[in-house]
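# Fold and contact review
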Amino acid sequence: MGVGVARKEVTRTDVTTLPIKATTVLTRQDLVDLVQGKFIALCITDYYPKWLCEQLCKRLLKLPEFARYLRAQNVGVQRTGMTFFETKGDPALLEQYYAEAQRMRTTIRNTCFPYLSPIDKLRVELEEVWFAGARLENIHGRPMMVGIARMFEDSFELPPHQDVLARDIVDNSSDGTLLSQLSANIYLREAKFGGELEIWGIKPSYQEFLKLACDDLHFDQNKLPPSEVLYKPCAGDLVLFDSGRVHAVRPSKQGPRVSMSCFVGYRGQNMPLTYWS
Ligand SMILES: O=C(O)CCC(=O)C(=O)O
Ligand SMILES: [Fe+2]
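The paragraphs below set out a description of the structure included in this document. Residue numbers run consecutively from 1 along every chain, following the written order of its sequence. Chains and ligands are labelled by the order in which they are written, letters from A for the one and numbers from 1 for the other. In keeping with the predicted nature of the model, local features appear solely for residues at pLDDT of at least 70, side-chain atom pairs appear and are counted solely at 80 or more, and the whole-chain, interface and lining totals rest on all residues. Only heavy atoms go into the side-chain values, all of them from the structure, while hydrogens and water stay out.

### Quick notes on the pairing of strand β15 (residues 257-266)
What counts is decided by this rule: Three exposure classes are used, based on accessible area relative to the maximum for each residue type with a 1.4 Å probe and protein chains only: buried under 20%, partly exposed in between, and exposed over 50%. Numbering of helices and strands starts at the N terminus; helices are DSSP runs of H or I of at least 4 residues and strands are runs of E of at least 2. Each pair of strands is called paired provided DSSP finds at least two bridges between the two strands.
The buried fraction of β15 amounts to 10 of the 10 residues, a majority that puts the element mostly inside the structure. Side-chain alternation along β15 places Arg 257, Ser 259, Ser 261, Phe 263 and Gly 265 on one buried face and Val 258, Met 260, Cys 262, Val 264 and Tyr 266 on a second face that is also buried. Two elements, strand β8 (residues 180-189) and β15, share 9 bridges in a ladder whose sense is antiparallel. Each bridged residue has a counterpart across the sheet, and for Asn 185 the counterpart in β15 is Ser 261. When β15 meets strand β16 (residues 273-276), the two strands line up antiparallel, connected through 3 bridges. For Val 264, the partnering residue across the bridge sits in β16 and is Tyr 275. In this antiparallel pair of consecutive strands, β15 and β16, the connection spans 6 residues, and Gly 268 shows a positive phi of 125 degrees.

### Some words on the sheet that holds strand β13 (residues 247-249)
So the rule is basically this: To get an axis, a line is fitted to the C-alpha atoms, and for a helix only the part in contact is used. The angle between two axes follows their N-to-C directions and goes from 0 to 180 degrees.
On the basis of which strands lie adjacent, the open sheet formed by 4 strands has the order β7-β13-β10-β11 and antiparallel pairing. Sheet topology places β7 (158-161) and β11 (229-231) at the edges, where each strand pairs with a single neighbour. Each strand axis lies, on average, 10 degrees off the axis of its neighbour in the sheet, ignoring direction. The sheet contact formed by strand β10 (residues 197-199) and β11 spans 3 bridges and is antiparallel. If you follow Ile 199 over to β11, its bridge partner there is Val 229.

### Brief notes about the packing of aromatic side chains
Rules: Aromatic pairs are defined between Phe, Tyr and Trp rings, using the six-membered ring for Trp, whenever the two ring centres lie within 6.5 Å; interplanar angles under 30 degrees are classed as stacked, those over 60 as edge-to-face, and all others as tilted. To sit over a ring, a charge needs its Lys NZ or Arg CZ within 6 Å of the ring centre and within 35 degrees of the ring normal.
As enumerated under the stated definition, the model contains 8 aromatic pairs in all. Residues Tyr 97 and Tyr 98 carry aromatic rings whose centres are separated by 5.0 Å and whose planes lie at 75 degrees to one another, so their mutual orientation is edge-to-face. Look at Tyr 97 and you get buried, because its relative accessible area is 0%. Among the aromatic residues, those joined into a ring-pair cluster are Phe 84, Tyr 97 and Tyr 98. Over the ring of Trp 130 we find Arg 28; its NZ or CZ atom is 5.9 Å from the centre of that ring. Geometry around Phe 152 places Arg 257 over its ring, the cationic atom sitting 4.6 Å from the centre.

### Some points on the nonpolar core
The line we're drawing: Take the buried Ala, Val, Leu, Ile, Met, Phe, Trp, Tyr and Cys residues and link them wherever side-chain atoms come within 4.5 Å; each set so joined is a nonpolar core.
Leu 31, Phe 84, Leu 122, Leu 126 and Leu 240 are the most contacted members of the largest nonpolar core, which has 66 residues in total. Ranked by the residues each element gives to this core, the list is headed by helix α4 (residues 91-112), at 7 residues. Core analysis: the second largest hydrophobic core is formed by 11 residues, Ile 20, Ala 41, Cys 43 and Leu 197 among them.

And the structure:
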């Protein structure tokens, strides 16, 4: 497993928040501890078999749907199909998103067949470990996309940002009950060089973001405090962290770095978890 600064810091005893917890199975208690901020990232090593990661990665990379994010055309990160973040409340884009969601959930599943896709494995396990179960997030009374494949073009980085669902809902369809949003990434292929996930401890409000921003999506690196986690993912790892914390992916070379990704919504310990992309 690739170990950055973070692994060494697990042994720190002078703080109550650990940068990273590394484990081998997904448990309810670790999810609760993660949303409560006891550690910044939860890493489940060898979550998906390495040999299968490479096999599925090769198949997924052939999907013609890979394209850069509509809202970040200058960032060399591609995903399979539109994510909710890209809709920005535009009725035509929302329509496209929901139509594509239905098609892409099936396309990804069929691409992985006869194997269980990494995201389907995560969906089933979330349902089984969480007392109130887990289900697709539903904002507009329609099933959302979950489980994009993501590919980082050579030398590109994902600059520091937050992922906050409420900021992408511009109509009044949010029920306002989401307490935390987690990013979940299952890595299929690591880059030979770079591609570390970097996470800061801070969770800026939108007003604070505006003061630290360099454009409408990203933070100015120079205005940020030192980060807490620098983690080089390995194929097969599942990493979860609060996507409201500032996070970034360092430039990668000789990959491409490929992962499957979704968000997990938390509304309290007795409420179902939700997931979407
Ligand atoms: O690819 C990664 O390591 C994290 C990407 C990211 O920004 C996210 O999952 O929210
Ligand atoms: Fe993110």
